[in-house]
Amino acid sequence: MSKRDELIVQYAADIKDKFGETPDMDLLKKVTVGLGPAIYNLDASKVSGSDEKELETVKNNYLIKKLGMKDSSELMPAIKSVVEKYGSSNRNKHRAVIYYMLCKHFDKSAAYDK
C-alpha cells in the first residue's frame, strides 16, 4: 500500500470516528490527490482550527479558488462548524478531511469531475 493510500485510510477513519459518516472513498481520494505533496508535509497536511489566518486560507484557497464559490457570510461559519465537529481538542485536523467535509457540506463534488 502506498503512503497516499495509507493516508486515505487514515482520513476515512477520521471521517467515520469524528463525524459519524461513511466517507465517499472516490471523492476522498480525489480531494487527497488534489492536495498534492502537501499531504506528506507535517505542517501543510494539518489545519489549525484556532488560527484565523489559517481559516482564511482554507476559505480563499479552497472554497473560493478550488470549489469556485463566491465569498459570502456563510463560508466562515461552515469552516468553523467542520473544525468544531472535528474536535477542538484534536490537534491533528487533517486538511484532506476538512476539505472533504466542506466539499460535502456545500455539495461541490462536481469540482473534482474535471
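Everything here concerns the structure above.
Note that this is a predicted model, so its numbers are computed, not measured. (Residues numbered from 1 in each chain as written. Predicted model: local features only at pLDDT ≥ 70, side-chain atom pairs only at ≥ 80, totals over all residues. Heavy atoms only, no water.)

Enquirer: Describe the side chain of Glu54, naming the residues involved and giving the relevant values.
Expert: The residue Glu54 is located in helix α3 (residues 52-66) in this model. In this structure Glu54 comes out as buried when scored by relative accessible area, which is 17%. Residue contacts for Glu54: discarding those within four places in its chain leaves Lys46, Val47, Ser48 and Arg95. (Helix = DSSP H or I, 4+ residues; strand = E, 2+ residues; numbered from the N terminus. Buried < 20%, exposed > 50% of the residue type's maximum accessible area, 1.4 Å probe, protein only. Contact = heavy atoms within 4.5 Å.)

Enquirer: Give me the lowdown on unusual backbone geometry, citing residues and values where you can.
Expert: Even without being glycine, Asp107 reaches a positive phi, approximately 50°. Looking at the secondary structure, you find Asp107 in the segment after α5 (95-105).

Enquirer: Describe the pattern of salt bridges, listing the residues and the values that go with them.
Expert: Counting across every chain of the model gives six salt bridges. In this structure, Glu54 and Arg95 form a salt bridge, with 2.5 Å as the shortest nitrogen-oxygen distance. Taken together, the positions of Glu54 in helix α3 and Arg95 in helix α5 put the pair 41 residues apart, joining distant regions of the chain. Residue Arg95 is classed as buried on the basis of its relative accessible area of 10%. For Lys59, the salt bridge identified is with Asp71, shortest N-O distance 3.2 Å. Of this pair, Lys59 sits in helix α3 while Asp71 sits in the loop between α3 and α4 (75-86), and the two are twelve residues apart along the sequence. (Salt bridge = Lys/Arg side-chain N within 4 Å of Asp/Glu carboxyl O.)

Enquirer: Can you tell me about the layout of surface pockets, naming the residues and giving the values?
Expert: Taken as a whole, the largest pocket encloses approximately 290 Å³ of empty space. Lining the largest pocket are 14 residues, and of these Val47, Ser48, Gly49, Ser50 and Arg91 lie nearest its centre. Here the lining of the largest pocket is built from residues that sort into three nonpolar, five polar and six charged. (1 Å grid on protein atoms, 1.4 Å probe; cavity = no way out; pocket = protein on both sides within 12 Å on 5 of 7 lines; lining within 4 Å. Points joined across faces, edges and corners; volume = space filled by probe spheres on them. Nonpolar A, V, L, I, M, F, W, Y, C, P; charged D, E, K, R; others polar.)

Enquirer: Just give me the short version of the packing of aromatic side chains, but keep the residues and values in it.
Expert: For the structure shown, the criterion picks out two aromatic pairs. With a centroid separation of 5.4 Å and 65° between ring planes, the pair formed by Phe19 and Tyr86 is classed as edge-to-face. With Phe19 in helix α1 (residues 3-19) and Tyr86 in helix α4, this residue pair connects regions lying 67 residues apart in the sequence. A single burial state applies to Phe19 and to Tyr86, both of which are buried. Measuring from centroid to centroid gives 4.0 Å for Tyr62 and Tyr99, while their planes differ by 15°, and the two rings are stacked. Taken as a pair, Tyr62 in helix α3 and Tyr99 in helix α5 lie far apart in primary sequence, 37 residues in all. The burial state of Tyr62 is the same as that of Tyr99; both residues are buried. Sitting over the ring of Tyr112, Lys66 keeps its end group 4.7 Å from the ring centre. (Phe/Tyr/Trp six-rings, centres within 6.5 Å; stacked < 30°, edge-to-face > 60°. Lys NZ or Arg CZ within 6 Å of the ring centre and 35° of its normal.)

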